[in-house]
Amino acid sequence: MDCLAPRVDYLESFRCPLGGLAAGKPRVLCHGAEIFVSTGSELVYVYDQEGRLLTAVYRFPGQVWHLELSALRRLLYVLCAQKGIYFLSLDQASRSVNQGDGDDRDSEDSEDNEPPYAVIPVDPDACLLPDDTLCTFTVVDDMLITLAQGPAQWKLQLFECPCPGEDARPGGQVGEVELSTCSPLAGALGELTAPHFLPVLCCVSPPGSCTLHSCTRGSGGFFLEQALFGLLFGVDASLLESPVIVCGLPDGQLCCVVLKTLVTSRLSPGDPKALVKILHHLEEPVVFIGALKTESLPEDAEDTHPDCLVALGHGGRILAIKASWDEAGTLVPELRGYRLPGPVLCAACGRGGRVYHSTPSELCVVDLAQGGAPWKPVQPSVAPGGLPSLLCPAGLGIGSVVTLSVASEVPEGGARLLALSARGRLLMCSLDLSSELLCPAEATVASTGQKIKELLSGIGTVSERVSSLKRAVEQRNKALTCLNEAMNVSCVLLASREGPRPISCTTTAAWSRPQLRDVLTATCRLENNSGLGLDRGWALCVRVLPGAPPTDPDATGSATTYTVPVDRLGPGDRREVTLPLGPGEDGALDLPLTVSCALHYSLREVVGGALAPSEPSEDLSLDVCPPAVLPEQDGICLPLSEHTVDMLQCLRFPGLATPHTQAPGLLSPVCDPVDTFLGALLGPHSELGGPASLRAKFLPPSVATIKVSAELLRATLRDSHSGTSLGCATLQWLLAENTALDVVRAQRLSSVQGVAPDGTDVHLTIREVAVTPLCAAGPMQTVEIQVESSSLRSLCSTHHAVIGRLQRMVVEQATQSSSPPDLRVQYLRQIHVNHETLLREVRTLRDRLCTEDEASSCATAERLLQVYRQLRSPSLLLV
């Protein structure tokens, strides 16, 4: 290992966030004595190797994702995240540095803070191509090739670049093609999300092509041997001598587009998918594409073009492609896949078939050279040596780096690497790579033992990979089983919308007293009477909404939602959930309350783990999270029931309790402002001692009555009416959902006095009366339901609850073919006219209250209350 000991020269140190730089965004480019460095922030640094100092820093309007340098045009192209591509003239930059025009000075990035360098803001007019969807680009002579992120596909675009001396902005779009993808690019609401891994874009040219003459070391472009170029990209690309754009996508696809066919695609339109050729799929994000020479050359031979295309994935997979002869003597592409310890942060290709790659632990090198005789493009008598069957990475003893570039190489096999470490240090590494360690044919005994250890380590890695894949398959099979069961439950519930449901949820309301405080609770009982089970992922969602059921199902208002996991509810099982409904801190209970129950199945809980990558990344320096494979609304919601809790269910009757089953004492109600005012008015020595006495003297109780046809009630009550009077049966029907029903039924009451949630009294009276002028045949038997309370709020809530029950009763009886009695239409019309008159008077009195003074408004308010009393006791009859 001594022959691999590098000499590391620390050139500069840059500011980096806590935890180090993240791989994928930083870039390093070398042009002569100048080095252009981007750490992934908004700054681009210019470092002078000869003077060994920073000469300038350029501030761009966004995070810098990619750099390209065109030596022919002497332009630096910079891609800013969600902004577009900017350009910077090297000549103009030199003049700016010499003049020292910077808007501020930044000396914190340098270790010794000497000398300070200028921070130069880039003018917004320097934007070459504004586009917030661009992820990478490359420059090929007079063409600018970009790769943009679309809602569902990647889009490769081609623009014309101006000649030197002209306007630097592109002349217009020349061609465009969409690349297929295997993973969604948009988020849950269709919005584009920044990719966790940036795509890789490079230009591959055949020998003799006039392109790439202006390529700078570190830019994305290289030549490729003619035989391999034709095998990979086809005859058309070889005959046209056209450069080819190779794309490595974050989902692992490796595809290519012939540049000249993309230029002519608008002149002869056809199938755009025919322009794209998929070369391979790495099944992990592609982080590097390069080329190298694997064949050894004679000493007197000139250097030829690379004969092997290399692609590296983030997880450590490496693909090598070169031209080879098969058994039939046909020239075919040879694809060889390898597995390296990952994750791979960055990589670069050097001479001698070497590939340098960095992991979170250290910088490594592997050798793809076969070490045999020179390869000739003729059929050999024996099969030539191909790619090695195994790659054994050798550590270089250099810490983790996030971007890498081969600065120069020496004929003896050494190399000089320009790297940026995870801690923000710019390094120049001089390597002396001995062929004794990298060539298996001349390995020593010690190196052979080391390779055996690495081979065993590779076997262990494969075994771990197999175990990981097996666990992933088992997890996905289990997820599919759960999805199948959820689908069966959904079909059963959706198919039984009418009649008894196999999975039901009933809600009952009752009062309890935890911690000496009266609380109204709702008990939701979930019963599974189907042959299916509810396992992991199912939850009971209970939504409590103040007020009647909304007409808009999406309206939530001030609703409160409770989610309770079901956790294995088998056939025949039941589960009860008790939830508080009120009152709140102020002692008020807003009635009615709508309690909606639904079953929710969480796809993220059941399927999210199965859709996650089978091999979690161990790279802590990358800010990477699993892709959002599920939408934001990641569940299935199946409504079960909807129950309304009104005043009739919340009334309490402490006077009805038997001596041995006394009802718990009620807490004192919340102090009413009216009671406080009346008490202060009479003074502490008043003969009336309580709020009820004060209200009885100054505020007589409010009364509301509803008359219902006795025949209609008998048709509704049916068997429950037998053995008791119609008034008692009606009261039992109204209090059917109240916990005091059994006592009311046992005592056969037709009048009862209860207590509302706020502590005020509510008196319900049911009696039979005869209505004379309504029916032409004579007096009509009716039932009068009277609600009396000193609290207008309690009266309105109780009246609303009674009206709701009567409305449902009328709708049910309307479906039956029962003819109404012969009524006097003229009498009904007169009643309707009287009510319309009262309503108009209410509107007039309310408008008058807004304009009158305090003295006149008292009489108006008194008249308004009288009209309200008349409206609450109408002469209309439900028949």
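Notes on the structure in this doc start here.

Cut-offs and rules
Residues numbered from 1 in each chain as written. Predicted model: local features only at pLDDT ≥ 70, side-chain atom pairs only at ≥ 80, totals over all residues. Heavy atoms only, no water. Helix = DSSP H or I, 4+ residues; strand = E, 2+ residues; numbered from the N terminus. Buried < 20%, exposed > 50% of the residue type's maximum accessible area, 1.4 Å probe, protein only. Polar contact = N/O pair within 3.5 Å; in protein donor to acceptor, adjacent residues only side chain to side chain. Contact = heavy atoms within 4.5 Å. Axes fitted to C-alpha atoms, helices over the stretch in contact; angles between N-to-C directions. Parallel < 35°, antiparallel > 145°, perpendicular 65-115°, else oblique. Left-handed = near helix turned anticlockwise from the far one by under 90°. Nonpolar A, V, L, I, M, F, W, Y, C, P; charged D, E, K, R; others polar. Salt bridge = Lys/Arg side-chain N within 4 Å of Asp/Glu carboxyl O. Phe/Tyr/Trp six-rings, centres within 6.5 Å; stacked < 30°, edge-to-face > 60°. Lys NZ or Arg CZ within 6 Å of the ring centre and 35° of its normal. Expected span 1.5 Å × (residues − 1).

**Quick word on the side chain of Glu284**
Here is step 1 of the chain: On the secondary structure map, Glu284 appears in the loop between β20 (276-281) and β21 (286-292).
Here is step 2 of the chain: Residue class for Glu284 comes out buried when judged on its relative accessible area of 9%.
Here is step 3 of the chain: At a separation of 2.9 Å, a polar atom in the side chain of Glu284 contacts the main-chain amide nitrogen of Gly315.
Here is step 4 of the chain: In this structure, Glu284 is in contact with Pro250, Asp251, Gly252, Gly313, His314, Gly315, Gly316, Arg317 and Arg339, ignoring residues within four places of it in sequence.

**Side note on the packing of helix α15 (residues 825-849) against helix α16 (residues 854-872)**
The axes of two packed helices give the description: the angle between them and the distance between them.
Here is step 1 of the chain: Closest axis-to-axis distance for the α15/α16 pair is 10 Å, and the angle between their directions is 155°. In terms of axis orientation, α15 runs roughly antiparallel to α16. Remark: the crossing between α15 and α16 carries left-handed chirality. Residue-level contacts link His835, Leu838, Leu839, Glu841, Val842, Leu845, Arg846, Arg848 and Leu849 of α15 to Ser857, Thr860, Ala861, Arg863, Leu864, Val867, Tyr868, Gln870 and Leu871 of α16.
Here is step 2 of the chain: Here the contact of α15 with α16 is built from residues that sort into 10 nonpolar, four polar and four charged.

**Considerations on the environment of Leu75**
Here is step 1 of the chain: Take Leu75: it is sitting in strand β7 (residues 75-80).
Here is step 2 of the chain: What makes Leu75 buried here is its relative accessible area of 11%.
Here is step 3 of the chain: Put simply, Leu75 and Phe87 are 12 residues apart on the chain and 6.4 Å apart in space, counted from C-alpha to C-alpha.
Here is step 4 of the chain: Here Leu75 is in contact with Glu68, Leu69, Ser70, Phe87, Leu88, Ser89 and Leu90, once residues within four sequence places are set aside.

**Description of the pattern of salt bridges**
Any two side chains of opposite charge can pair, on the condition that their charged atoms come close.
Here is step 1 of the chain: As enumerated under the stated definition, the model contains 18 salt bridges in all.
Here is step 2 of the chain: Between Arg336 and Glu334 there is a salt bridge, with the nearest N and O atoms lying 3.3 Å from each other.
Here is step 3 of the chain: Of the residues examined, Arg336 reaches a relative accessible area of 25% and is grouped as partly exposed.
Here is step 4 of the chain: Judged by relative accessible area, which is 15%, Glu334 ranks as buried.
Here is step 5 of the chain: Through salt bridges with shared partners, one network takes in Glu283, Glu284, Arg317 and Arg339.

**Side note on the packing of aromatic side chains**
Aromatic ring pairs are defined here through the distance separating the ring centres and the angle between the ring planes.
Here is step 1 of the chain: Inspection of the entire model under this criterion finds four aromatic pairs.
Here is step 2 of the chain: Look at Phe229 and Phe233: their rings are 4.9 Å apart centre to centre, the planes differ by 70°, and that puts the pair in the edge-to-face class. Of this pair, Phe229 and Phe233 both sit in helix α2 (residues 226-233), four residues apart, roughly one helical turn.
Here is step 3 of the chain: According to the relative accessible area criterion, Phe229 is buried, its value standing at 0%.
Here is step 4 of the chain: Taking the relative accessible area as the measure of exposure, Phe233 reaches 7% and is therefore buried.
Here is step 5 of the chain: Taking 4.8 Å as the distance between ring centres and 50° as the angle between the ring planes, the aromatic pair formed by Trp538 and Tyr601 counts as tilted. You can see Trp538 sitting in strand β34 (residues 538-546) and its partner Tyr601 sitting in strand β37 (residues 593-602), a full 63 residues away along the chain. Each of the two residues, Trp538 as well as Tyr601, counts as buried.
Here is step 6 of the chain: Here Arg652 stacks its cationic end above the ring of Trp511, 3.9 Å away from the centre of that ring.

**Some details on α15**
Here is step 1 of the chain: Along its 25 residues, α15 runs 36 Å from first to last C-alpha, staying within 8% of the 36 Å computed at 1.5 Å per residue.
Here is step 2 of the chain: Along α15, the positions that sit buried rather than exposed are Ile831, His835, Leu838, Val842 and Leu845.
Here is step 3 of the chain: Its buried side turned inward, α15 meets α16.

**Some words on the side chain of Arg652**
Here is step 1 of the chain: Mapped onto the elements of the fold, Arg652 is located in the loop between α8 (647-650) and α9 (673-682).
Here is step 2 of the chain: Owing to a relative accessible area of 13%, Arg652 belongs among the buried residues under this scheme.
Here is step 3 of the chain: In terms of polar contacts, Arg652 uses its side chain to reach the side chain of Asp518, at 3.1 Å.

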